[in-house]
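Residue-level structural notes
Spelled out, the chains give:
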Amino acid sequence: MFRFLFRLSLATALVMPACLTPALANDAVQRGQALAEANCGRCHAIDRTSDSPIREAPPFRNLHQRYAVETLGEALAEGIYTGHAEMPAFELTPDQIHDFLVFLKTLE
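Below, the structure is looked at part by part. Computed from a prediction, not measured in an experiment: that's the story for all the values here.

**Section: the environment of Val102**
Note that Val102 resides in helix α5 (residues 94-106). For Val102, a relative accessible area of 9% translates into the label buried. Along the chain, Val102 and Gln30 lie 72 residues apart, while their C-alpha atoms are 9.3 Å from each other.

Shown next as structure tokens:
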């Protein structure tokens, strides 16, 4: 039941930025970008042009080619864990997930 409610609230949250004022939507993008810079930027390119510092780490601007960005929310809520030591395990709050996904959508 929790997963259903979380998916429902996440889907609603992803649609909301279109209804928000530009200033509020921009705040979410900026918070999402700050999360990406702090947690991901040492390995992944988090902008539209740079190469990833670690060649094997996909640039975030290409993630939408592999995954529908909207579907990444559940994985982020459960925590991202990988089989290689360089990527730290971390979990995000629902608000952080929203902001991060809004930021990723700007890179498509």
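**As for the environment of Val29**
With respect to the helices and strands, the residue Val29 is situated in helix α2 (residues 22-39). Exposure remark for Val29: the relative accessible area of 17% places this residue in the buried category. In sequence terms Val29 and Val102 are 73 residues apart; their C-alpha atoms lie 5.8 Å from each other. If near-sequence neighbours (up to four positions away) are discounted, Val29 is found in contact with Val102, Phe103 and Thr106.

**Looking at the packing of aromatic side chains**
Tallying each qualifying case throughout the model produces one aromatic pair. Both rings, one in Phe60 and one in Phe100, keep their centres 5.8 Å apart while their planes meet at 85°; by these two values the pair is edge-to-face. In this pair, Phe60 sits in the loop between α2 and α3 (63-66) while Phe100 sits in helix α5, placing the two residues 40 residues apart along the sequence. A residue is classified by how much of its surface remains accessible, and Phe100, at 8% relative accessible area, is buried.

**So, the pattern of salt bridges**
Using the criterion set out here, one finds four salt bridges in the structure. Arg61 serves as the salt-bridge partner of Asp47, at 3.9 Å between the closest nitrogen and oxygen. You can see Asp47 sitting in the loop between α2 and α3 and its partner Arg61 sitting in the loop between α2 and α3, a full 14 residues away along the chain. Exposure remark for Asp47: the relative accessible area of 30% places this residue in the partly exposed category. Using a relative accessible area of 16% as the deciding quantity, one classes Arg61 as buried. Where salt bridges share partners, they join Glu70, Lys105 and Glu108 into one cluster.

**A few points about the nonpolar core**
Residues Phe60, Leu76, Phe100, Leu101 and Leu104 are the most contacted members of the largest nonpolar core, which totals 21 residues. Every element with two or more residues in this core is listed here: α2, α4 (72-78) and α5. In terms of residue count, α5 provides more of this core than any other element does, six residues in total.

Conventions and cut-offs
Residues numbered from 1 in each chain as written. Predicted model: local features only at pLDDT ≥ 70, side-chain atom pairs only at ≥ 80, totals over all residues. Heavy atoms only, no water. Helix = DSSP H or I, 4+ residues; strand = E, 2+ residues; numbered from the N terminus. Buried < 20%, exposed > 50% of the residue type's maximum accessible area, 1.4 Å probe, protein only. Contact = heavy atoms within 4.5 Å. Phe/Tyr/Trp six-rings, centres within 6.5 Å; stacked < 30°, edge-to-face > 60°. Salt bridge = Lys/Arg side-chain N within 4 Å of Asp/Glu carboxyl O. Core = buried A, V, L, I, M, F, W, Y, C linked by side-chain atoms within 4.5 Å.

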